[in-house]
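Below, each chain spelled out in residue letters.
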Amino acid sequence: MDAHNHIGFRHGASQTGEELLQRMDAAGVDRACAFPFVEGVFDNDDVDRARAAAPDRIVPFLAVNPWQREEAVAEVHRRADKGYRGVKMHPTIHGYHLSDLGLVGPVLEAIRERELVVICHGASDLYNAPPEFARICRAYPEVPFLMAHSGTFWSHDQAVEVAAETPNLYLETARVPIFEVASSIRSLGPEKVVWGTDSPFVDYTFEFEKMERAAGSEDARQLVCGGNLARLLGMD
Ligand SMILES: [Zn+2]
């Protein structure tokens, strides 16, 4: 199961549910979490449309912008009522510190209440550097957080360090080079690493096949490529 896919349209990139399914089929992937592109005005209805293409294979996540305040909280509840399983956050694009509890607190409380998983961009800058994850994970220990891109490049070592001391933090592998993926798995154990692709911005099959080389063993690959995420999402 792939933790990281964008659905819908933005300048320079687009993906429909059918296109995602084609990529999954070509690589041999059974399920994928999908959420909108998050730039500008995004529409979680794009996920409903994609999900209609294969309800048992596309796992719906919503995107939230905490600056939308009450509306963001209401959207979490609305989508949870419709069976959404997780939430995508992007502090760099939306302009906030992940651990700004005054801003993100109400959204995180709704996420905790509805038992959703968070996948959050974790690579670019101080808005989403590893210490921001440490702080938000401590404030919401019941909520599993996936750090997309594992802090790559410059914060990868720090991401591993923070994940080691933070029980509800997992490193996600989208567009992370094999050396860093392998060192995450070696340092933390395969239970703490979750596979994602970031389609459509990738060679989908390559992102899947790199895991076989990075994981070190078939048991580790099974956990990283779906077992861990299924456990976090309460799926079998
Ligand atoms: Zn992405």
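An account of the accompanying structure is given in this report. (Residues numbered from 1 in each chain as written. Predicted model: local features only at pLDDT ≥ 70, side-chain atom pairs only at ≥ 80, totals over all residues. Heavy atoms only, no water.)

The subject of this paragraph is the environment of A214. Summarising the element assignment, A214 is placed in helix α9 (residues 204-215). Exposure remark for A214: the relative accessible area of 6% places this residue in the buried category. Not counting residues up to four positions away in its chain, the partners in contact with A214 are I178, V181, A182 and I185. (Helix = DSSP H or I, 4+ residues; strand = E, 2+ residues; numbered from the N terminus. Buried < 20%, exposed > 50% of the residue type's maximum accessible area, 1.4 Å probe, protein only. Contact = heavy atoms within 4.5 Å.)

Below, the discussion takes up the coordination of the zinc ion. Summarising the metal site, the zinc ion is bound by the protein donors H4 (NE2), H6 (NE2) and D198 (OD), whose distances to it range over 2.1 to 2.2 Å. The sequence pattern formed by the donor residues of the zinc ion is H-x1-H-x191-D. Each member of the pair, H4 together with H6, is buried. (Donors = N, O, S within 2.8 Å, 3.2 Å for Na, K, Ca; no water.)

Here the focus is unusual backbone geometry. The linkage connecting T152 with the following residue, F153, adopts the cis geometry, with an omega of -5 degrees. Mapped onto the secondary structure, F153 falls in the loop between β7 (145-148) and α7 (156-164). Looking along the chain, the bond that leaves S199 and enters P200 is cis, with omega of 10 degrees. With respect to the helices, strands and loops of the structure, P200 is situated in the loop between β9 (193-194) and α9. For S150, which is not glycine, the phi dihedral falls at a positive 55 degrees. Looking at the secondary structure, you find S150 in the loop between β7 and α7. The phi dihedral of R175 is positive, around 60 degrees, even though this residue is not glycine. Mapped onto the elements of the fold, R175 is located in the loop between β8 (169-172) and α8 (178-188).

Before going further, it helps to examine the pairing of strand β1 (residues 6-10). The pairing of β1 with strand β3 (residues 32-36) spans 2 bridges and is classified as parallel. Across the sheet, the residue bridging to I7 is P36, located in β3. Where β1 folds back onto strand β2 (residues 13-15) in an antiparallel hairpin, the turn is made up of 2 residues, including G12, whose phi is positive at roughly 85 degrees. (Pairing = 2+ DSSP bridges.)

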